[in-house]
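# Descriptive analysis of the structure
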Amino acid sequence: MKEKLSQILDNALNQIESSGELDKLNDIRIAFLGKKGELTSVLKSMKEVAPEDRPKIGQMVNEARAKIEEKLEEKKAAFEKMVREEKMKAEVIDVTLPGRKLQVGHRHPNTIALEEVEKIFIGMGYEVVEGPEVEYDYYNFEALNIPANHPAKDEQDTFYINDKILLRTQTSSVQVHEMEKGKLPIRMISPGRVFRSDDVDATHSPSFHQIEGLVIDKNITFADLKGTLEQFAKQLFGEETKVKFRPHHFPFTEPSAEMDVTCFKCGGKGCRFCKGEGWIEILGCGMVHPHVLEMSGIDPNEYVGFAFGVGLERIALLKYEIDDMRLLYENDIRFLEQF
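Note that this is a predicted model, so its numbers are computed, not measured. (Residues numbered from 1 in each chain as written. Predicted model: local features only at pLDDT ≥ 70, side-chain atom pairs only at ≥ 80, totals over all residues. Heavy atoms only, no water.)

Under the definition given, this model contains ten salt bridges. The partner of Glu115 in a salt bridge is Arg107, and the shortest N-O contact between them spans 2.3 Å. The shortest N-O distance in the salt bridge between Asp332 and Arg334 comes to 2.9 Å. Its relative accessible area of 22% is what places Asp332 among the partly exposed residues. Among the charged side chains, a network of salt bridges with common partners joins Arg246, Glu258, Asp260 and Glu281. (Salt bridge = Lys/Arg side-chain N within 4 Å of Asp/Glu carboxyl O. Buried < 20%, exposed > 50% of the residue type's maximum accessible area, 1.4 Å probe, protein only.)

Glancing now at the packing of helix α8 (residues 222-237) against helix α10 (residues 312-319). When two helices pack together, their arrangement is captured by the angle between the axes and the distance separating the axes. As a packed pair, α8 and α10 sit with axes 11 Å apart at the nearest point and diverge in direction by 45°. Classified by the angle their axes make, α8 and α10 are oblique. Note on element contacts: α10 touches α8 through Ile315, Leu318 and Lys319, opposite Phe232, Leu236 and Phe237. Tallied by class, the residues present in the contact of α8 with α10 amount to five nonpolar, no polar and one charged. (Axes fitted to C-alpha atoms, helices over the stretch in contact; angles between N-to-C directions. Helix = DSSP H or I, 4+ residues; strand = E, 2+ residues; numbered from the N terminus. Parallel < 35°, antiparallel > 145°, perpendicular 65-115°, else oblique. Contact = heavy atoms within 4.5 Å. Nonpolar A, V, L, I, M, F, W, Y, C, P; charged D, E, K, R; others polar.)

Time to look at the packing of helix α5 (residues 109-123) against α10. As a packed pair, α5 and α10 sit with axes 9 Å apart at the nearest point and diverge in direction by 100°. The orientation of α5 with respect to α10, classified from their angle, is roughly perpendicular. Contact with α5, carried on its side by Pro109, Asn110, Ala113, Leu114, Glu116 and Val117, involves Leu312, Glu313, Ile315, Ala316 and Lys319 of α10 and no other residues of that element. Residues that form the contact of α5 with α10 fall into these classes: seven nonpolar, one polar and three charged.

What follows is about the layout of surface pockets. Volume-wise, the second largest pocket comes out at about 230 Å³. Looking at the second largest pocket, it is lined by 16 residues, and the ones nearest its centre are Leu114, Pro191, Gly192, Arg193 and His209. Listed by contribution, the elements that provide at least two residues to the lining of the second largest pocket are α5, β4 (186-195) and β5 (207-217). By residue class, the composition of the lining of the second largest pocket is five nonpolar, seven polar and four charged. (1 Å grid on protein atoms, 1.4 Å probe; cavity = no way out; pocket = protein on both sides within 12 Å on 5 of 7 lines; lining within 4 Å. Points joined across faces, edges and corners; volume = space filled by probe spheres on them.)

With that out of the way, let us pick up α5. Note: α-helices contain 3.6 residues per turn, so residues at a spacing of three or four share the same orientation. With 15 residues, α5 extends 21 Å from end C-alpha to end C-alpha; this agrees with the ideal 21 Å at 1.5 Å per step. Every buried residue of α5 is accounted for by Pro109, Asn110, Ile112, Ala113, Val117, Glu118, Ile120 and Phe121. Looking one or two residues past α5, Gly125 carries a phi angle of roughly 95°, positive in sign. (Expected span 1.5 Å × (residues − 1).)

The next thing to look at is the side chain of Thr262. Locating Thr262 in the fold gives a position in strand β7 (residues 253-262). Residue classification places Thr262 among the buried positions, given a relative accessible area of 10%.

Let's shift gears to the pairing of β7. Counting buried positions over the ten residues of β7 gives eight, a clear majority of the element. In this sheet, β7 lies alongside strand β6 (residues 243-250) in antiparallel orientation, the contact comprising seven bridges. Bridged to Val243 within β7 is Val261. If you look at the hairpin formed by β6 and β7, you'll find two residues sitting between the two strands. Sheet topology note: the β7/strand β8 (residues 279-288) ladder contains eight bridges and is antiparallel. Within β8, the position partnered with Ser256 by the bridge is Gly286. (Pairing = 2+ DSSP bridges.)

This next bit is on the sheet that holds strand β1 (residues 127-128). Ordered by their spatial adjacency, seven strands build an open sheet running β1-β4-β5-β9-β8-β7-β6, and the pairing between neighbours is mixed. Each end of this open sheet is capped by a strand with a single partner; those strands are β1 and β6. Against the sheet, α8 touches β6, β7, β8 and β9 (304-311), its axis set at about 150° to β8.

Residue placement: Tyr303 occurs in the loop between α9 (290-295) and β9. Once the C-alpha coordinates of Tyr303 and Met179 are considered, the two residues, 124 residues apart in sequence, prove to be 12 Å apart.

Another point: the packing of aromatic side chains. For the coordinates displayed, the defined rule picks out nine aromatic pairs. Relative to Phe339, the ring of Tyr320 lies with its centre 5.3 Å away and its plane at 80°, an arrangement referred to as edge-to-face. Of this pair, Tyr320 sits in the loop between α10 and α11 (333-336) while Phe339 sits in the segment after α11, placing them 19 residues apart in sequence. Judged by relative accessible area, which is 25%, Tyr320 ranks as partly exposed. For Phe339, a relative accessible area of 25% corresponds to the partly exposed category. Cluster of aromatic residues (ring-pair linked, three or more members): Phe121, Tyr126, Phe232, Phe306 and Phe308. (Phe/Tyr/Trp six-rings, centres within 6.5 Å; stacked < 30°, edge-to-face > 60°.)

Quick look at the structure:
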């Protein structure tokens, strides 16, 4: 047994010494010290050794194991040192070379426009409120006075998950959640991503952003709505900006209107940017329909309000004179660097 242990030890040390790579050491460790290794086999055969010789043989096995492990660690350290030295030689740094300038990211034009809009309305005392992008049909349509047979609920316009759940088509649903809380008065805007089944072109996308506003209080009139939006337009596009309101129809407001602003490119004289009209459509608005208030538990005889909605991309396109909405999403560094 002593001769066998000596032979195993010599064989292991020779293999370790002659090993030419780090991975080979692990194979040697398994071959001699693993569960099925040669030293382990010796321990398993101890039952064949006379009882009085077992302690001595066990000590010899442990000494052999210790020597093998020590040699393995020495060889491993030598390999690691050699690899480290070769890596350092290959990674020599030339301190005379010019430094590499890191490219620092910045805000997206949509984000810049949104922050400006939020700053304007927060300055007027409004609160910024967010809500879920996956919404119930009730909050997206029914609570906004859009019945089941309304064309806006056609599946060609809306992404339905099932009969009752969909991807919101407008952030007005956030306003319904806020009205249901019953904390009056309300002054809020609800920016966020919305989804509609549109083909991608220069002015349309199946995923875009809206900013909806809502005010609910006593003694609110259409004059308050006009004054608020006029102030918003002047702060966003300049003090010389003028606004006009045209009658329109929205299911959740009555009366309803669309608001135009004077073209900030030509000052209302007419140019290519405004298609010669001197005015640019910017948003839709109106007084909140009494039925919408009732469905959210608000007494329309005591409280009135107004609402408005504007596309964030539309603001960015107009403010930065971008003629194709796809540029906002194509991640072209040449375009984004301009902001």
